[in-house]
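Each chain, letter by letter, is given below.
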Amino acid sequence: MCGVPMESNFLSAVFLPLALFMIMMGMGLGLKITDFQRILIEPKGVFWGLIAQLIILPLVGFLLAGVFSLTPELAVGVIILAACPGGATSNVISYLVRGNVALSISLTAIGSLVTIVTIPLVINLGMQTFMGTDTALQLPLSKTITQIALMILLPISLGMLLNYYQPKLAAKLEKIVKWLSLSFLGLIIFGLLLKERATLLSSFLQVGGVTLSLNLVTMFLGYAIGIMAKLDEKSTKTITVEVGIQNGTLAITIASVLLNSPTMAIPAGIYSLVMFVTSAGFALLVRNRKVMSIQ
């Protein structure tokens, strides 16, 4: 009986923050100040990418969480996921599909900064919508912004400082950290699913459809936005990936650590598995042929 709390405490108190720190630091190792200036260099791509991430993605999350028959906790878990920005994984996938990697990194970097403020607002709205206005689970705005800022800004800043002063070392470490991050993400998902193994099948049946739908619908909308905005082929593929591939580790950390709800982390855990399958399919689809575009 004591094993479960110890396992839960270790996962949420030690492993999750460490994994997230590594992932965000790995992102910082590949970032430069110019990545944040891309909003001036490539304003249209950044503008539409942020609109897709910050507005359309949460709206789709609320819509799908309401359409599917979910428990209140799982519905909020979907909202947590939809509130998170793209992660380092989206940068790798953007590279694999021959997208605009510079735009991908810029969107991930800028989105990570902006969502420090938007995440608690979106999640609190989600809890009020699906758990009722009298729910005791509320994220205090200022405290949560500070916590998320520390989880995101501190490791990214350390990575960027190392990249600035020791670029060769940063380049070597970035490759190592990326692989370690993927390994950590796999272990987190495994640990989360193992801990929830008693309800795993029912949870998967409940959220498998909504997480797959969230992934596919947002990727389709990201692609459509790129086409309608008349972005070039590489930028269109990048926005498709950025809006469709979210930072599952951050979502799991928010659910498990800030909200202390492993159940709310289940959608992000299953989504993290689903997104690799769909992104691999997208990569196969577009890697060796041009994306159709409207001239």
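Up top is the structure.
Just so it is clear, the structure is predicted and the values come from calculations on it, not from any experiment.

Following the criterion strictly, the structure yields 3 aromatic pairs and no others. An angle of 25° between the planes, with centres 6.2 Å apart, marks the rings of Phe-62 and Phe-130 as stacked. Of this pair, Phe-62 sits in helix α4 (residues 43-67) while Phe-130 sits in helix α7 (residues 101-131), placing them 68 residues apart in sequence. Here Tyr-164 and Tyr-165 contribute two aromatic rings whose centre-to-centre distance is 4.9 Å and whose plane-to-plane angle is 90°, an arrangement assigned as edge-to-face. Taken individually, Tyr-164 and Tyr-165 each receive the classification exposed, so the pair is uniform in this respect.

Among the surface-exposed residues, Phe-21, Leu-150, Leu-154, Leu-158, Leu-161, Tyr-164 and Tyr-165 lie close enough to one another that they form a single nonpolar patch of about 760 Å² accessible area. Here the element with the most residues in the nonpolar patch is helix α8 (residues 141-165); it accounts for 6 residues. Of note, Leu-161 is situated in helix α8.

In the structure shown here, the tally under the stated rule is 1 salt bridge. Note that Glu-233 and Lys-237 form a salt bridge whose closest N and O atoms lie 3.4 Å from each other. Of this pair, Glu-233 and Lys-237 both sit in helix α11 (residues 233-244), 4 residues apart, roughly one helical turn. Assessed through its relative accessible area of 27%, Glu-233 is described here as partly exposed.

Each value, and the rule that gives it
Residues numbered from 1 in each chain as written. Predicted model: local features only at pLDDT ≥ 70, side-chain atom pairs only at ≥ 80, totals over all residues. Heavy atoms only, no water. Phe/Tyr/Trp six-rings, centres within 6.5 Å; stacked < 30°, edge-to-face > 60°. Helix = DSSP H or I, 4+ residues; strand = E, 2+ residues; numbered from the N terminus. Buried < 20%, exposed > 50% of the residue type's maximum accessible area, 1.4 Å probe, protein only. Patch = residues over 30% accessible without salt bridge, like charges linked within 9 Å, V, L, I, M, F, W, Y side chains within 5 Å. Areas by Shrake-Rupley, 256 points an atom, 1.4 Å probe, with all protein chains shown as cover. Salt bridge = Lys/Arg side-chain N within 4 Å of Asp/Glu carboxyl O.

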